[in-house]
Amino acid sequence: MESINNLKGYGKVSDQENQILQSPLPKPPSRKTLIATVSVVCFLLILTVVALTAGAFTRPSHHPPVSSASLKEVCALTRYPETCLDALSSSLNESNPESILLLSIRVASQKVSSLSMSFRSINDMPEEAAVGDCVKLYTDALSQLNESVSEIEKEKNKGGDWLTKRVVGDVKTWISAAMTDGETCSDGLEEMGTTVGNEIKKEMVMANQMLSISLAIVSEMKKLLLILH
């Protein structure tokens, strides 16, 4: 009897077990829930990739500026090395002497053009002949500098060595003529007792220094090519 009761006991289900058996099974997640979960995961992955990519592009470069070493050596040969560095360092894309020379002439041209416009803006006093002369002189100086750039670029486009005695001589002549125009303007203002504003005086000093820098660079170009190449 006892063995039978034991067997019957094994066949009984307790109330707790019965509740577990009768409780509903958890429903599997719906298709919409799965899609939403996958979308969130993909979105997070995309954000991570974008952040890593942006970090790669914005990470500061450890390479030195293109212009630093060569430009310092070039400017050291001029009378105004600090002006040379300040004026050219932010715009120089290539560090070879030819590019530095062209940039220096272009910067000088900008200064001269600005001066021409400044004198033209105050040339409203007929008795101030010196001002009108300065307009003409700086206009002529700008033309001389444009000739220099055109000649260099024309010879470079032909290929080969553009630094021939003729081209270098022409460029030096044109830059020297532009400097003479500036000096003639300054002398004329002084002789006539013409007063101009401090800003124009500063422009004249800067233009003169940039012309001097350009002339020094073209004069030392052969030497610079040997040093820097």
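Residues numbered from 1 in each chain as written. Predicted model: local features only at pLDDT ≥ 70, side-chain atom pairs only at ≥ 80, totals over all residues. Heavy atoms only, no water.

Where an unreviewed UniProt entry is consulted, the chain appears under the name pectinesterase, with the organism given as Eutrema salsugineum.

Caption draft 1: Quick look at the overall build of the chain. Along the backbone of the chain there are 10 helices and zero strands. The linear arrangement of helices and strands in the chain, starting from the amino end, is α-α-α-α-α-α-α-α-α-α. Across the 229 residues of the chain, 33% fall into the buried class. In the chain, the proportion of contacts linking residues at least 24 apart, taken out of those at least 6 apart, comes to 74%. (Helix = DSSP H or I, 4+ residues; strand = E, 2+ residues; numbered from the N terminus. Buried < 20%, exposed > 50% of the residue type's maximum accessible area, 1.4 Å probe, protein only. Contact = heavy atoms within 4.5 Å.)

Caption draft 2: Main features of the state of the cysteines. Evaluation of the coordinates by the stated rule reveals two disulfides. With its sulfur 2.0 Å from that of its partner, Cys75 forms a disulfide with Cys84. Taking the sign of the torsion about the S-S bond as the criterion, the disulfide between Cys75 and Cys84, at about -65°, is left-handed. For the residue pair Cys75 and Cys84, the accessibility class agrees, reading buried in each case. Here Cys134 connects covalently by a disulfide to Cys185, the sulfurs 2.0 Å from one another. Residues Cys134 and Cys185 are joined through a disulfide that is right-handed, its torsion about the S-S bond being 100°. One end of the pair, Cys134, is in helix α7 (residues 129-157); the other, Cys185, is in helix α8 (residues 165-192), and 51 residues separate them in sequence. (Disulfide = S-S within 2.5 Å.)

Caption draft 3: Region of interest: the packing of aromatic side chains. Applying the stated rule across the entire model yields one aromatic pair. Centre to centre, the rings of Phe119 and Tyr138 are 5.9 Å apart; their planes meet at 10°, and the pair counts as stacked. Of the two residues, Phe119 is situated in helix α6 (residues 97-121) and Tyr138 in helix α7; the sequence distance between them amounts to 19 residues. Both residues of the pair, Phe119 and Tyr138, count as buried. (Phe/Tyr/Trp six-rings, centres within 6.5 Å; stacked < 30°, edge-to-face > 60°.)

Caption draft 4: Looking closely at the confidence of the model for the chain. Residues of the chain with pLDDT of at least 70 account for 67%, and the chain-wide mean is 76. The element-level mean pLDDT for the chain is lowest in helix α1 (residues 2-11), coming to 39, with helix α9 (residues 198-219) highest at 95. Predicted confidence is poor over residues 16-21, with pLDDT under 50, and the contacts of this stretch with residues over four places away or in other chains come to three contacts. Segment residues 53-67: pLDDT under 50, and seven contacts once partners within four positions in sequence are set aside and those in other chains are kept. (pLDDT = per-residue confidence, 0-100.)

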